[in-house]
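# Analysis of the macromolecular model
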Amino acid sequence: MYADRIKYLPPYLFAAIDRAKQDALAKGVDVIDLSVGDPDLPTPSHIVEAMREAVRNPENHQYPSYAGKLSFRTAVANWYSRTFGVKLDPENEVLALIGSKEGIAHAPLGFINPGDTALVPDPAYPVYRTAVSFAGGTPVIMPLTRENRFLPDLEAIDPGVAAKAKIIFLNYPNNPTAASATKAFFQELVDFAHDHDLIVMHDNPYSEMCYGGQRSMSILEIEGARDVAVEFHSLSKTYNMTGWRVGAVVGNAEIVAGIGKIKSNVDSGNFGAVQDAGITALKSSKKIVEDICQVYQHRIELLYNCLSGIGFELEKPRATLYLWAWVGGDSVVFCQRLLEEMGIVATPGVGFGQYGEGYIRFSITQPTERIELAVERLEKMGKVMPMQ
Ligand SMILES: *Cc1c(COP(=O)(O)O)cnc(C)c1O
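Just so it is clear, the model here is predicted, and its values are computed rather than measured.

On to the side chain of D267, then. With respect to the helices and strands, D267 occurs in the loop between α10 (253-263) and α11 (272-282). Residue contacts for D267: discarding those within four places in its chain leaves Y66, I98 and E102.

In C-alpha cells, the structure reads:
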C-alpha cells in the first residue's frame, strides 16, 4: 500500500522505549520523562493576551498571506537586527513558517532533484535526513564526534562528494549534542559552501537558550553568508511556544523564494492571529528570555552535577535544553535499564543516527522538582550506572 519513501523511513528506534514507558506507567511507576525537548513552562502571559485580542480580529479569520504578514516579517527582521546585528529585508529575505520543522521538511523539495545529494550531520534532528529522502535525494552523513567537538570535519569530506552535493545542513547550538560552533567554524563553513557551490541551511532554534554568558551567533553574521545561506528560526523554544507552530526562514533571497514556491503549493500560511501574537513575542523584553534561561541553567546544574558525580562522561551544556552523556554501550539497552531500574526516560543516542550510539540524551524540559526527583533516584543507584 505504501510508497517506498514510507517503507524506507528509518526504523522508529524510540518504539521500544515508548512501549517500556507504557508498561511502567501501567504498573503504576512514577515515570519521569526526560526524553522530549518541549518546554514545560507556559507561554509568557503577555503573548497569550495578544493572541486573545488577535483572535477577535476578523481580518485574521480569512486566508493568511503565503509569505506571512509583512508586519510579522518586519518583526522577525527587527529581532534579527536587535539580536545579531543582521539587517534583513522583510520583503524578500524573510518567510514565515508553520514551525521551523515545516520549513526544513519542505526546503529540499525546492533544490533537490532525484539522485542529488545533501550533506547532513549525524547525530542530528532526524528531519534533515528524511526531508532530503522525500525529495528523492540521498543524504550523505557528516559524523559529529567528541574528538571534533561535535562539529563536522569539513576537510574530511571527499571533494568529489562536496562538489556533487547541493545542500549542507547544520544546527548550532546543537540538538542532541549541546555543542556550539565558533565564529571561525562558521566562517570555514561559509567559505566551504562558496568553494563547492553549496546551499547552507542552518537550523538555529536554540540561539537564545545559552548559559553562563555565552552568546550564540546567526550564521548570517558571517561575511559572505548571505550569498549561500539561509537560517531557520523558531519561536518554539525561545518563548515556550512549541504548540503555536510559528517560525521563519531568513537569509539569501533566492533560496527563501525557492522555499516559498514549494510552500505556496502546500499550505496557506500561518493563522494570522498566531503571527500577531508572534510579533508581540518577538518584541518582548530580553528579561523574559533571561528568566526562562535562569530556570534552565539551574536544572542543568542539578542534572550535570548528579550525572558527572555518578560516573557519566559528559560536558556541562552551555546552550540548548539537553545533556549528552556517554554511556559507552548499546544506548537503547541502557535507556531500557534506566527506565526499569529508576523510572527515568532518556533518549537513546542512536535514535539521532549511528554516530549517536554510545550516548544518551537527557532533556531539562520537566518541572524542576521532577528533575530533583530524578537526581535523587540516580544518586541512590550510586556509581554503578554507566556501563563500560
Ligand atoms: C525543536 C527543534 C526545531 C524546531 O521546531 P519547531 O518546528 O519550530 O517547533 C528545529 N530543529 C531542531 C534541531 C529542534 O530541536
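Text resumes after the structure shown.
Take the domain arrangement of the protein chain next. Looking at the protein chain, the domain boundaries give domain 1 (4-42 + 287-380) and domain 2 (45-285). A straight line from the C-alpha centre of domain 1 to that of domain 2 covers 25 Å. Carbon and sulfur atoms make up 60% of the surface buried where domain 1 meets domain 2, a total of about 3,000 Å² over both sides. Joining domain 1 to domain 2, the criterion identifies 2 salt bridges. Ionic pairing is found between E313 and R146, a salt bridge with its closest N-O pair at 2.8 Å. The interface formed by domain 1 and domain 2 includes 16 residue pairs in polar contact (both at pLDDT 80 or more). For the side of domain 1 that touches domain 2, the secondary structure elements donating two or more residues are α12 (286-309), β9 (322-326) and β12 (359-363).

Not every one of the 14 residues close to the ligand is listed here, only the nearest: D203, Y206, S236, K237 and R245. K101 has a polar backbone atom sitting 2.9 Å from an oxygen atom of the ligand. One nitrogen or oxygen atom from the side chain of S236 is found 2.6 Å from an oxygen atom belonging to the ligand. The residue inventory of the shell around the ligand, partitioned by class, reads 4 nonpolar, 6 polar and 4 charged.

The rules behind each value
- Residues numbered from 1 in each chain as written.
- Predicted model: local features only at pLDDT ≥ 70, side-chain atom pairs only at ≥ 80, totals over all residues.
- Heavy atoms only, no water.
- Helix = DSSP H or I, 4+ residues; strand = E, 2+ residues; numbered from the N terminus.
- Contact = heavy atoms within 4.5 Å.
- Domains from an automatic or database assignment.
- Buried area = accessible area lost by both parts, 1.4 Å probe.
- Salt bridge = Lys/Arg side-chain N within 4 Å of Asp/Glu carboxyl O.
- Polar contact = N/O pair within 3.5 Å; in protein donor to acceptor, adjacent residues only side chain to side chain.
- Near = heavy atom within 4 Å.
- Nonpolar A, V, L, I, M, F, W, Y, C, P; charged D, E, K, R; others polar.

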